[in-house]
Amino acid sequence: AAGAVDGVKDGGYGFHTTFSVNPWWQVDLREPVELDRVVVYNRGERPQRADGVKLLVSLDGREWTQVFQHSGPTFGGRYDNHPLAVDLKGRQITARFVRCQTEQQVSFHLDEVEVYPASDPRTNIALNKPADQSSAGRWSTPKPNAPRRAADDVPSERIEEILARAKTLL
């Protein structure tokens, strides 16, 4: 999941889920922030898999509010310089977590996701922040230069959530 917030926009995939219903990817901004905009770079290959992508926000990672749903033609990314830019300026949307999700039954993948705060709309605050995804597809691999986090950097409630998901999978 960290590949979508590593700053590398190459038209490939930053993350890749399994073929599933309602797959998602999210970033933890580490603290609540009023949002200015979110920019989503699509993968060059099979970009239609992101059609209808929703943008959801949360303060706690449990209760989500949809703030946008893409309804236009398939959007691009680095390969055509036409990423999806979701303008949230002036809407007073505050979030700690930002999630991209689709209702399709699909392998979901995006190249990069950038999040800009209202207080500094030129700085991507999602860069190198903790990220997660609904599942890891077989193509989901760590990127060579992806930042690593120390185990004590993960909040205890997040560890409990991860263990509960693992138990369900087992």
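Above this text is the structure in question.
Residues numbered from 1 in each chain as written. Predicted model: local features only at pLDDT ≥ 70, side-chain atom pairs only at ≥ 80, totals over all residues. Heavy atoms only, no water.

Chemist: Could you give me a rundown of the side chain of Asn 124, with the residues and numbers involved?
Modeler: For Asn 124, the position within the fold is in the loop between strand E7 (105-117) and strand E8 (131-133). What makes Asn 124 buried here is its relative accessible area of 17%. Within the structure, the side chain of Asn 124 is placed 3.0 Å from the backbone nitrogen of Val 115, a separation counted as a polar contact. Within the structure, the side chain of Asn 124 is placed 3.0 Å from the backbone nitrogen of Ala 126, a separation counted as a polar contact. (Helix = DSSP H or I, 4+ residues; strand = E, 2+ residues; numbered from the N terminus. Buried < 20%, exposed > 50% of the residue type's maximum accessible area, 1.4 Å probe, protein only. Polar contact = N/O pair within 3.5 Å; in protein donor to acceptor, adjacent residues only side chain to side chain.)

Chemist: Explain the pairing of strand E6 (residues 94-101) residue by residue, including any values.
Modeler: Taking burial as the measure, the 8 residues of E6 include 7 buried ones, the bulk of the element. Pairing geometry for strand E2 (residues 24-42) and E6, over 7 bridges, is antiparallel. Residue pairing in the sheet places Asp 28 in a bridge with Phe 97 of E6. With 5 bridges connecting them, strand E3 (residues 54-58) and E6 associate as antiparallel partners. The partner of Ser 58 across the bridge, within E6, is Phe 97. (Pairing = 2+ DSSP bridges.)

Chemist: Describe the packing of aromatic side chains, and please don't skip the residues or the numbers.
Modeler: Enumeration according to the criterion identifies 3 aromatic pairs in this entry. When the centroid spacing of 5.4 Å and the interplanar angle of 75 degrees are considered together, the rings of Phe 15 and Phe 108 count as edge-to-face. Within this pair, whereas Phe 15 is found in strand E1 (residues 15-21), its partner Phe 108 is found in strand E7, the two being separated by 93 residues in sequence. Residue class for Phe 15 comes out buried when judged on its relative accessible area of 1%. Residue class for Phe 108 comes out buried when judged on its relative accessible area of 0%. Taking NZ or CZ as reference, Lys 9 lies 5.1 Å from the ring centre of Tyr 41, over its face. If you follow Arg 99 out to its NZ or CZ, it ends over the ring of Trp 24, 3.9 Å from the centre. (Phe/Tyr/Trp six-rings, centres within 6.5 Å; stacked < 30°, edge-to-face > 60°. Lys NZ or Arg CZ within 6 Å of the ring centre and 35° of its normal.)

Chemist: Give a description of the pattern of salt bridges that names residues and reports values.
Modeler: Inspection of every chain in the model, using the stated rule, returns 6 salt bridges. A salt bridge links Arg 43 to Glu 45; its shortest N-O distance comes to 3.2 Å. With a relative accessible area of 10%, Arg 43 lands in the buried category. Its relative accessible area of 44% is what places Glu 45 among the partly exposed residues. Across the salt bridge formed by Glu 103 and Lys 54, the nearest N and O atoms sit 2.3 Å from each other. Within this pair, whereas Glu 103 is found in the loop between E6 and E7, its partner Lys 54 is found in strand E3, the two being separated by 49 residues in sequence. A cluster of three or more residues bridged by salt bridges with shared partners is formed by Arg 43, Glu 45 and Arg 46. (Salt bridge = Lys/Arg side-chain N within 4 Å of Asp/Glu carboxyl O.)

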